[in-house]
Amino acid sequence: MATVTSLLLFVLCASFGLSFSDSGQENSFESVPDLEKSMYMHVDGYPCVRVLNLSGEIGCSNPSREKVVAPIVRYKSADELLKSAAVLVSIDEFEILLSRLSKDLDFAGKVAGILVESRTEVSNGLKGFSPDGKFPQAEFAPYQSNNFTWNPPGSGIMWKAYNFPVFLLSRTSTLILQEVVMKNEKTKKSNTENVAEFNVVMQTTKSGTHDSDSCLKEETCLPLGGYSVWSALPPINISSSQKSKPVIVTMTSMDSASFFRDKSLGADSPISGLITLLAAVDALSYLDGLDELNKQLVFVVLTGESWGYLGSRRFVLEADQHSDSVRGLDFAMIETVMEIGSVGKGLSNGVKTFYSHTSGDTLATNETFQALLRAQDSLKTESIKISMASTSNPGVPPSSLMTFLRKKSQISGVVLEDFDTSFTNKFYHSHLDDLSNVNSSAIVTAASLVARTLYLLANDQNASAINAINVNASLVEELLGCLLNCKPGSSCELMKHYISPSATCPSHYVGVILGEPSSVPYPAYVSDVSRFVWNFLASKTSIFSRNITSACPNDCNGVGELCIREEADGKGICVISTTRCLFLPFFYFTRYVPAYSTRLKYESGSWTVLPYNSSEEMSAADPVWTESNWDTISLRVYKVQNTAYDGLILLSGIVVTVLTYLLILITRAFIRKALKWD
C-alpha cells in the first residue's frame, strides 16, 4: 500500500516539478495580464503583408486562418529541417534563403515563418540589397528596352507571393531573438523550447479572394493610394483676363516601397528629391518680383509612384477631365517638366556630381541643361559637376516623367539624378535606404541648383537676382530628421508647426485610400507627410492675407484665402495661395489630388474595377494594386514543452490513472475484508 502511494507521489512531482524547473524562482502574479506578460514576450518588428493585383497576389501571409507556431532555429543550423520551424536569418542570407525555398519544395514545406535580423550598420560589407527588379516598373517605360539594368542589385523578391509570415526584427528584438536561438541550441535535449507565434492572418486568405477584382467585390481589401499635392509660385489667378504664362513643372515623389510594409523610408529614393524640392521652394519664396516672371512655376509632389505610378497617372487623368483637383493648371501650357529624382548620394571624392537625363533633343530640354550649367557656375564656392547622362541609356530612368511622356511624347523633360547608367543607391526600395544612405550636403547643393535653374528658366535666362537665391542648409538638416529618423521624426518642431502628426517614426509606404477620393479629403484620411507638404507649400507659395490676425477657417472668406497651420495650434492663419483644398470662384489654390489606380471607380461606398481604357496608354499595364485587410498583426515568443516531453506527461497521466484505479480497487478490497473480519 505505502509503495503504491509513494510511486504516485513521485510521478506527480516529476510531472509538475519539471514544468517549473526552468524558472528557478518563485513568481507571484496579481492578475491575468501579469501572468500573460510573464509567459509571452511580444516582439517588435515590421511585417511583410499581402498585396494583390488583377493577376494574383504578392507579399506574405499566414497560410490559413490560424496562427503559426513553430520553434525558432538559425538559418545556418537549418540546412536539414526535421520538423516545421521559424527560421532566424541575417539580411545577408535572406535572398539566398528565399531562393532556396523556391527550388527546394521539401525544405520550403518545413519553413513556418522567417525572422529577418536588423543590421546595425549599412556599410558593414553588404554589397547591396534591393528587393525590386533590375528595371523597376519596366512595363510603364515609354521605350522598348525594358530589359535594361538600372538597378544591378535588384532581385525582384518583393513581387512574389509567400504563404508564410515574414518579419523584419527591430534592433532590440534582433538581440533578444539571437539569445533565444542560442538557448534553443544549447538545450536541444531539454524538455522545453522557445517558439515564435505569428499572427499575420489576412482577410483575403480567410475569404479566398486572391486578386484585386474579387477582394474589392468582397470588401476584403482596399486600393493602394493616397493624396498628391500641387502648388504654384506665385499663386494662380484663374479669374485674370491676362494670357496664361507657359508653365514649368517641377515634381518629385514622396512614397517608397520595401519588402516590409512599415519600413519604407526611401532616403535616397525618393525622399532626397522631396527635401530638395521643399528647400528650393523655400529659397525661391524669399525673392521679390515673382509676379514679374515670364513663366509660371508649378510644384507637384506625387504619391503612389512606387506602385504603378498611381500619383502621376491619376494627376494626368484629372487634368484631362478638367477636375476640380487640378483646375487652373492647363496641361497644354506645360513647356518643361523637371523631375528631382535620387540626389542624396551625389557626392564623389568631394565633388557633388549630378546627371541630367533628358527625354529628347528639344530646344526646351537644351535650355534646361544650359540653365543647370549656369546655376552650377553661379555656385562658385562649391565643387559641382553637372553632366548629361550617357547616350547609351535607352531613355529616362524609372521616373514619373514616364507618365507624362506616355501622354505627350514630345514634351520636354529632364530628370535630375545622382547616377548615370545605373542606380548608385544599392539599397533601392529597401528598408536599408535610410538616413545613413544619404549626404545632406549633396541635397543642399541639389536644392541650390534646382532653385537657381528654375529662376533662370522662368526669367528667360536673366540672372539678375540669382545670387540672392540661397538654400537654408539648416532646413535641409531639419527635414532629414523629420522625414527619416524616429528621433525626432514626425514630432519634430517643423512638422508640429504645421500639423498634428499621428505617428512619430516615419514610413513612406503609400498606404490605402480611405473613403471617397476627393480634392477636399477628411484630414484623418491623409497621411502625415501629405498634410505636412500641403501646409508647407501653402505657406511658402502664399501671400499673407490682411486677415492674418483673424481666427480661421471661419474668417478666411476673402477671394483666394485659405487657412494653414490650423491643425497644429487649433487657430491657424489666413493666406492666399494656390495650395488649396477649398473651391473658390476666382483662384485655383494648392490642392490635394487623389492618387489611386485609373482603372478604379468609387461608387455607393464601394470600389469597382473598370474595363481597360484604350485611350489611356498605360491602362493595359495597370496592375490595380490593393492591400488585404487584417484584424491584427503580431509576433510573440514563448516557451513550450517539446512533443517528446508532452508524450511523457501523457504517458505519466495514463500511468497515474491506472495506478489510481488499481489503488481504489485494492483499498476497496482491503476495506471489505476488514469489515467482514470485524
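Before reading on, note that the structure itself is shown above.
By convention here, each chain's residues receive numbers from 1 onward along its written sequence. Selection of residues for local features in this predicted model requires a pLDDT of at least 70, selection of side-chain atom pairs for listing and counting requires 80 or more, and totals for whole chains, interfaces and linings are taken over all residues. In computing side-chain properties, one takes all heavy atoms of the structure into account and sets aside hydrogens as well as water.

Here the amide bond leading from L233 into P234 is cis, since omega sits at -5°, within 30 degrees of zero. Relative to the elements of secondary structure, P234 occurs in the loop between β12 (226-233) and β13 (236-237). Following K487, the chain continues into P488 via a peptide bond in cis, with omega recorded as 5°. Here the phi dihedral of D460 falls at roughly 55°; this positive angle occurs in a residue that is not glycine. Each helix is a run of H or I in the DSSP string that is no shorter than four residues. Each strand is a run of E no shorter than two, and both are numbered from the N terminus. If you trace the backbone, D460 turns up in the loop between α12 (440-458) and α13 (473-484). For each residue, the accessible area found with a 1.4 Å probe, counting protein chains only, is set against the maximum for its type, and the residue is called buried under 20%, exposed over 50%, and partly exposed in between. Exposure remark for D460: the relative accessible area of 46% places this residue in the partly exposed category.

Ranked by internal contacts, the top residues of the largest apolar core, which has 81 residues, are L274, L284, L483, F532, V533 and L537. The leading source of residues in this core is α12, at twelve residues. V87, F164, F259 and W625 belong to the second-largest nonpolar core, a separate cluster that totals 39 residues. We define the nonpolar core as a collection of buried residues of types Ala, Val, Leu, Ile, Met, Phe, Trp, Tyr and Cys that are connected through side-chain atoms lying within 4.5 Å of one another.

For the rest of this paragraph, the subject is the side chain of T626. With respect to the helices, strands and loops of the structure, T626 is situated in strand β28 (residues 626-628). Think of a polar contact as two N or O atoms within 3.5 Å of one another; within protein, one of them needs to be a possible hydrogen donor and the other a possible acceptor, and neighboring residues in sequence only count if both atoms come from side chains. Side-chain polar atoms of T626 contact the side chain of S212, separated by 3.0 Å. Between two residues, a contact is recorded if the distance between any of their heavy atoms is within 4.5 Å. Once residues lying within four places of it in the same chain are set aside, the contact partners of T626 are V51, L52, S212, C215, L216, C221, L222, P223 and L224.

Here the focus is the pattern of salt bridges. Salt bridge, as applied in this entry: a Lys or Arg side-chain nitrogen positioned within 4 Å of an Asp or Glu carboxyl oxygen. Enumeration over the complete set of coordinates arrives at 20 salt bridges. Taking the shortest distance from any N to any O, the salt bridge between R313 and D622 comes out at 2.9 Å. One end of the pair, R313, is in helix α9 (residues 310-320); the other, D622, is in the loop between β27 (606-609) and β28, with 309 residues separating them in the sequence. You'll find R313 and D622 in the same group, each marked buried. In this structure, E493 and K496 form a salt bridge, with 4.0 Å as the shortest nitrogen-oxygen distance. Placement of the pair is E493 and K496 together in helix α14 (residues 493-498), with a separation of three residues, close to one helical turn. E493 sits in the exposed class, given a relative accessible area of 57%. Residue K496 is classed as partly exposed on the basis of its relative accessible area, which comes to 40%.

Before going further, it helps to examine the sheet that holds strand β29 (residues 634-641). Sheet strands associate in pairs through backbone hydrogen bonding, adopting either a parallel or an antiparallel arrangement. By this definition, two strands are paired if DSSP reports at least two bridges between them. Ordered in space as β1-β29-β10-β5-β6-β7-β9-β2, the eight strands form an open sheet in which the pairing is mixed. Unpaired on one side and paired on the other, β1 (40-42) and β2 (45-47) mark the two borders of the sheet. Across this sheet, the average inter-strand angle for adjacent strands is 30°, counted without regard to direction. Sheet topology note: the strand β5 (residues 68-74)/strand β6 (residues 85-89) ladder contains three bridges and is parallel. Bridging from a neighbouring strand, I72 pairs with A86 of β6. Only the stretch in contact is used when a helix axis is fitted, and all axes are lines through C-alpha atoms; the angle between N-to-C directions ranges over 0 to 180 degrees.

What follows concerns the sheet that holds strand β4 (residues 57-60). The five strands lie next to each other as β8-β4-β3-β28-β11, forming an open sheet whose pairing is mixed. Two strands lie at the open edges of the sheet, namely β8 (161-162) and β11 (221-223), each paired on one side alone. Bridging between strand β3 (residues 50-52) and β4 involves three bridges; their strand directions are antiparallel. Counted as the bridge partner of R50 is G59 from β4.

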